[in-house]
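# Examining the three-dimensional arrangement
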Amino acid sequence: MSRQEFSRAQSFAAKPKMKILTFLIVCFASVALAEDFKAIDGKEYKNVKVSRVEPDGIVLINKSGILKIYFTELPKSVQDRFHYDPAQAAAYSAGQTASQVALQSQQAELRRKLAEERNRYWTGQEPAKNQQDTLSAPAAVVAVRGQQVKVISHGAPVDITQHLALGNVTVVDFYADWCGPCRHISPSLEQMARTDPEIALRKIDIVNWKTAVVKQYNIHSIPQVNIYNRAGRLVGTVVGADIQEVKRYVAQAKTSG
């Protein structure tokens, strides 16, 4: 093979790779650029970026937080753009639901076993091994009840009213580990709770958009922060990483009940 023929062969072999690379660059650019979406009910989502495409919807991110819009809420043009397949979406949703049901079952079984162990301990059926255990067990219970910062759910349904610090202000933070804005506001919320004895922080990890707690409280965007006054009444809700707005509602909650 001559040098010219070898050079042409190399150029021909490189073309498919260049096409693939160009395709990936175009796809990445289309995902990274900010754009606007309008749902079929007229609701608008402006200046958002597509963070992730799932079979049943798209996950969007803006400066305030992360939200998910389901394809059934979007016009057909958007569905076609992201290759929406109702059958695949249904299968994906069913799989997510099944995983969540299994997780909830495991958590329920764990709670049942822990309750049985506590019951055996306090009824004397399983006495403490020594005096140190006898002293440390009640202390641990008191510590849990008095925690200023506490995660009260990992995707499972939860009754917020059972975790309010009545007499103080309770801040409830809906978050997820994969949410960047959540990680941005979380340290400020935790610092507030740890430095102000009048504030208790309760955190709810939504895990993903299909969990029971998301449906229970109709969460569409995170971070979402609810602020309750001393009497346990909801004073305000802040959607997005706006710590100043949270502080404003906290100040209001301290004086409203």
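Look above for the structure.
Please read all numbers here as calculations on a predicted model, not as lab measurements.

Below, the discussion takes up helix H7 (residues 243-256). The terminal C-alpha atoms of H7, which comprises 14 residues, lie 20 Å apart, in line with the 20 Å expected from a rise of 1.5 Å per residue. Among all positions of H7, only Ile243, Val246, Tyr249, Val250 and Ala253 are buried. What you see down the axis of H7 is that its buried residues fit within an arc of 120°, all on one side. Those residues of H7 that are exposed and angled more than 90 degrees off the buried face are Gln244 and Thr255. In this structure, the buried side of H7 is in contact with strand E6 (169-175), helix H5 (180-195), strand E7 (199-205), strand E9 (224-228) and strand E10 (234-239).

Right, let's talk about the packing of aromatic side chains for a bit. Counting across every chain of the model gives five aromatic pairs. Measuring from centroid to centroid gives 6.5 Å for Phe37 and Phe82, while their planes differ by 40°, and the two rings are tilted. On the criterion of sequence distance, the pair formed by Phe37 in strand E1 (residues 35-38) and Phe82 in the loop between helix H2 (76-81) and helix H3 (86-122) is long-range, its members being 45 residues apart. Just as Phe37 is buried, Phe82 falls in that class too.

Moving on, we come to the sheet that holds strand E2 (residues 44-54). Taking strand neighbours across the sheet as the criterion, the five strands line up as E1-E2-E3-E4-E8 in an open arrangement whose pairing is antiparallel. Taken across any chain shown, the strands that pair with only one partner, and hence form the sheet edges, are E1 and strand E8 (221-222).

About the cut-offs
- Residues numbered from 1 in each chain as written.
- Predicted model: local features only at pLDDT ≥ 70, side-chain atom pairs only at ≥ 80, totals over all residues.
- Heavy atoms only, no water.
- Helix = DSSP H or I, 4+ residues; strand = E, 2+ residues; numbered from the N terminus.
- Expected span 1.5 Å × (residues − 1).
- Buried < 20%, exposed > 50% of the residue type's maximum accessible area, 1.4 Å probe, protein only.
- Arc of directions from axis to C-beta.
- Contact = heavy atoms within 4.5 Å.
- Phe/Tyr/Trp six-rings, centres within 6.5 Å; stacked < 30°, edge-to-face > 60°.
- Pairing = 2+ DSSP bridges.

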